[in-house]
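# Summary of structural features
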Amino acid sequence: MLPHPARRKIQIGLIGASGRLGSAIALLAKQAVITEAHIEIVRSFDKNSPPSSDAPVDLFLDVSLASALPFNLKVALEAKKPLVIGTTGHTTLESLEAACSIIPIFYSPNFSRGMAWLHH
């Protein structure tokens, strides 16, 4: 069997890094749990350090607050980078629908296992 070719890790900008879910994701990254999945958190953002469109990332992972989504979406659109959204409380999704024609967007209103089981 041939060895697996080296793959470049996907560079992630974690938005909401100081929150509960963001902290858990960052901890898993430090424990090398998600490094096996060929992803790497290269930038962390929070309310004191908001994301910027010049961040050297492949995609943004937003686990911040619903109220921050308009700004975070604007940054992702300016950067032309995919956006993964895992926050709850969004009242309108029209801006996401419009943005989908410009950048890839994955929206899951809740990343918790309990919610996944509930939906199932």
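That block above? That's the structure.
This write-up is about the structure you can find in this document. (Residues numbered from 1 in each chain as written. Predicted model: local features only at pLDDT ≥ 70, side-chain atom pairs only at ≥ 80, totals over all residues. Heavy atoms only, no water.)

When you go through the protein chain residue by residue, the secondary structure sums to four helices and five strands. Listed by position from the N terminus, the elements making up the protein chain come as β-α-β-β-α-β-α-β-α. Within the protein chain, residue pairs in contact and separated by at least 24 positions form 50% of the contacts whose partners lie at least 6 positions apart. (Helix = DSSP H or I, 4+ residues; strand = E, 2+ residues; numbered from the N terminus. Contact = heavy atoms within 4.5 Å.)

Per the stated rule, a full pass over the model turns up one salt bridge. Taking the shortest distance from any N to any O, the salt bridge between Lys74 and Glu78 comes out at 3.6 Å. On the criterion of helical spacing, the pair formed by Lys74 and Glu78 is a turn pair, its members being four residues apart in helix H2 (residues 69-79). (Salt bridge = Lys/Arg side-chain N within 4 Å of Asp/Glu carboxyl O.)

Now for the environment of Leu21. Mapping Leu21 onto the fold places it in helix H1 (residues 20-30). By relative accessible area, Leu21 is classed as partly exposed at 32%. A C-alpha to C-alpha distance of 9.2 Å links Leu21 and Gly86, two positions 65 residues apart in sequence. (Buried < 20%, exposed > 50% of the residue type's maximum accessible area, 1.4 Å probe, protein only.)

The next thing to look at is the packing of aromatic side chains. Two aromatic rings are characterised by how far apart their centres lie and by the angle between their planes. As enumerated under the stated definition, the model contains one aromatic pair in all. Ring geometry for Phe45 and Phe60: centres 6.2 Å apart, planes at 45 degrees, overall tilted. Of the two residues, Phe45 is situated in strand S2 (residues 39-45) and Phe60 in strand S3 (residues 59-62); the sequence distance between them amounts to 15 residues. You'll find Phe45 and Phe60 in the same group, each marked buried. (Phe/Tyr/Trp six-rings, centres within 6.5 Å; stacked < 30°, edge-to-face > 60°.)

Before going further, it helps to spend a moment on the sheet that holds strand S1 (residues 10-15). Within the open sheet, the five strands sit side by side as S2-S1-S3-S4-S5. Their pairing is parallel. Unpaired on one side and paired on the other, S2 and strand S5 (105-107) mark the two borders of the sheet. For this sheet the average axis-to-axis angle between neighbouring strands, irrespective of direction, equals 20 degrees. Sheet topology places S3 next to strand S4 (residues 83-85); three bridges connect them, and they run parallel. In the strand pairing of S4, Leu61 is matched with Val84. Set on the sheet, H2 makes contact with S1, S3, S4 and S5; between it and S3 the angle comes to about 170 degrees. (Pairing = 2+ DSSP bridges. Axes fitted to C-alpha atoms, helices over the stretch in contact; angles between N-to-C directions.)

What follows is about H2. Turning to H2, its buried residues are Leu69, Asn72, Leu73, Val75, Ala76 and Ala79. Relative to the axis of H2, the buried residues are bounded by an arc of 160 degrees and lie together on one face. Summarising the contacts, the buried residues of H2 are in contact with S1, S3, S4, helix H3 (94-99) and S5. Positioned one or two residues after H2, Lys80 has a phi angle of 55 degrees, which is positive. (Arc of directions from axis to C-beta.)

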